[in-house]
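Structural characterization, general
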Amino acid sequence: MSDEPELRRDPVTGRWAVVAPARAARPHELGDARPRCGPAAALACPFCEGAEHDTPHEVYALRAAGSAPNGPGWRLRVVPNKFPALQTLAKPQAAYGCAEVLIDCPEHVENPADLSDAHQRDVLCAYRARLAAHAADPRLAHVAVFKNVGAEAGASIAHTHSQLIALPVVPGLLQAELSGAEAHFARAGHCVFCELVERERTDGTRVVAETAYFVAVAAYAPRFAYEVWLLPKEHAPCYEAIADGAALELAGLMRRVLRALDAVAGAPAYNWFLHTSPLRAGDLPHYHWHIELMPRTARPAGLEWGFGAHIVTVAPERAASALRAALPAQ
Ligand SMILES: [Zn+2]
Ligand SMILES: [Zn+2]
Ligand SMILES: [Zn+2]
């Protein structure tokens, strides 16, 4: 058995798995589950400014004019994952791909909601830049962009960061969304997400917040209590097309929703996922990018892992009204 990551497909369900034994060696600063807002772990943090030697060389950065790559003077850095789940130099059976870490900021900040909206906009625009960069590699099919916040959500380092995993295949949940959306379009003649946005805005009970371009809604059939989706109100298949102004607005909306979530659900660990069209898919009429914010308000158990059905103890309508009540005005 080699230690090289390998991409395997379950013959029954078609589900993809990345088998990456070398990842077991990665640091586990957050090994034990604990409250998300525990004592700061800034000591020897490999993501803080000044510790650039602890990460591989940067592939993208926002830096002060005149500052040298891989030294201090940055506002945001993207580096290859030191413990990649995939590798760029593919052997035939190996998992070709590219795993990157986006370090949100040089200061030791653990809560993404503590970033200024302008800084969070830069993070959101960096997602856009990396998606565009990976789209140029025809071997890659999709980039999974996500954030793990807190040990319960899988974060191994507390310093706020995002992960970008470029894959040679479209992963299962996204493929399921694409197929479902395509089938809906064939039946109804319009985008299922546009329909969802319209229905939720008309109904209002699950709307958490709304801005000029975006709406945040409590998921109708959530996996976890307080699960919130953020969607562009107008049809938009590719996240890469987001404008700077819309990214700034999204940053502010995310901050307010995260603050409300912390207030009503006790600062839970959470993931957010960016669901967008596969690379080079063009302007799909049936798919519509969105961000799913999934708080870890419960531990998945047998029914969830074994059958994919989730038990949620807070109705989304109640979750939305609690989040609305806790939402900062600005
Ligand atoms: Zn740090
Ligand atoms: Zn749409
Ligand atoms: Zn989705």
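Given the structure is predicted, the values throughout are model-derived calculations rather than measurements.

**Regarding the overall build of the protein**
Across its full length, the protein carries six helices and twelve strands. Out of the 330 residues belonging to the protein, those deemed buried represent 50%. Within the protein, contacts between residues separated by at least 24 positions form 67% of all contacts whose residues are at least 6 apart in sequence. Total accessible area on the protein is roughly 15,000 Å²; 58% of this is exposed by carbon and sulfur atoms.

**A few points about the packing of aromatic side chains**
Under the criterion given, the structure shown has six aromatic pairs. Centroid distance Tyr213 to Phe214: 6.4 Å. Interplanar angle 65 degrees. Geometry classified as edge-to-face. The class for Tyr213 is partly exposed, based on a relative accessible area of 48%. Since its relative accessible area comes to 2%, Phe214 is described here as buried. Aromatic ring contacts, followed pair by pair, group Tyr127, Tyr213, Phe214, Tyr239 and Trp289 into a single cluster. Taking the ring centre of Trp74 as reference, the NZ or CZ of Arg77 above it sits at 5.7 Å.

**A word on the confidence of the model for the protein**
Here the protein averages 89 in pLDDT, while 88% of its residues score no lower than 70. Confidence over residues 31–35 falls short of pLDDT 50; this stretch has five contacts with residues more than four positions distant or in other chains.

**Here's the deal with the coordination of the zinc ion (ligand 1)**
Coordination sphere of the zinc ion (ligand 1), protein contribution only: Cys45 (SG), Cys48 (SG), His108 (ND1) and His159 (ND1), at 2.1 to 2.3 Å. Relative to the metal, the four donor atoms surrounding the zinc ion (ligand 1) lie at angles of 103 to 120 degrees, and the coordination shape comes out tetrahedral. Mapping the donors of the zinc ion (ligand 1) onto the primary sequence yields the spacing C-x2-C-x59-H-x50-H. Of the two residues, His108 is situated in the loop between β5 (98–103) and α1 (117–135) and His159 in the loop between β6 (142–149) and β7 (161–167); the sequence distance between them amounts to 51 residues.

**Quick word on helix α2 (residues 172–188)**
The first and last C-alpha atoms of α2 sit 24 Å apart over 17 residues, in line with the 24 Å expected at 1.5 Å per residue. Turning to α2, its buried residues number three or more, namely Leu174, Glu177, Leu178, Ala181 and His184. The arc that holds the buried residues of α2, viewed along the axis, is 130 degrees, so those residues lie on one side. Exposed and oriented more than 90 degrees from the buried face of α2 are Ala186 and Arg187. On the buried face of α2, the contacting elements are β6, α3 (192–203), β11 (270–275) and β12 (290–295).

**Some words on the sheet that holds β12**
Sheets are built from strands that pair by backbone hydrogen bonding, the pairs being arranged parallel or antiparallel. Strand order in the open sheet made by the ten strands is β3-β4-β5-β7-β6-β11-β12-β10-β9-β8, with antiparallel pairing throughout. Two strands close off the open sheet at either side, each with one partner strand: β3 (60–63) and β8 (207–210). Looking at each pair of strands side by side, their axes are set apart by 15 degrees on average, direction ignored. Note that strand β10 (residues 228–232) and β12 share three bridges and pair antiparallel. Within the sheet, the bridge partner assigned to Val228 lies in β12 and is Leu293.

Reading the values: the criteria
Residues numbered from 1 in each chain as written. Chains lettered and ligands numbered in written order. Predicted model: local features only at pLDDT ≥ 70, side-chain atom pairs only at ≥ 80, totals over all residues. Heavy atoms only, no water. Helix = DSSP H or I, 4+ residues; strand = E, 2+ residues; numbered from the N terminus. Buried < 20%, exposed > 50% of the residue type's maximum accessible area, 1.4 Å probe, protein only. Contact = heavy atoms within 4.5 Å. Areas by Shrake-Rupley, 256 points an atom, 1.4 Å probe, with all protein chains shown as cover. Phe/Tyr/Trp six-rings, centres within 6.5 Å; stacked < 30°, edge-to-face > 60°. Lys NZ or Arg CZ within 6 Å of the ring centre and 35° of its normal. pLDDT = per-residue confidence, 0-100. Donors = N, O, S within 2.8 Å, 3.2 Å for Na, K, Ca; no water. Tetrahedral: all angles 85-135°; square planar, octahedral: opposite > 155°, others 65-115°. Expected span 1.5 Å × (residues − 1). Arc of directions from axis to C-beta. Pairing = 2+ DSSP bridges. Axes fitted to C-alpha atoms, helices over the stretch in contact; angles between N-to-C directions.

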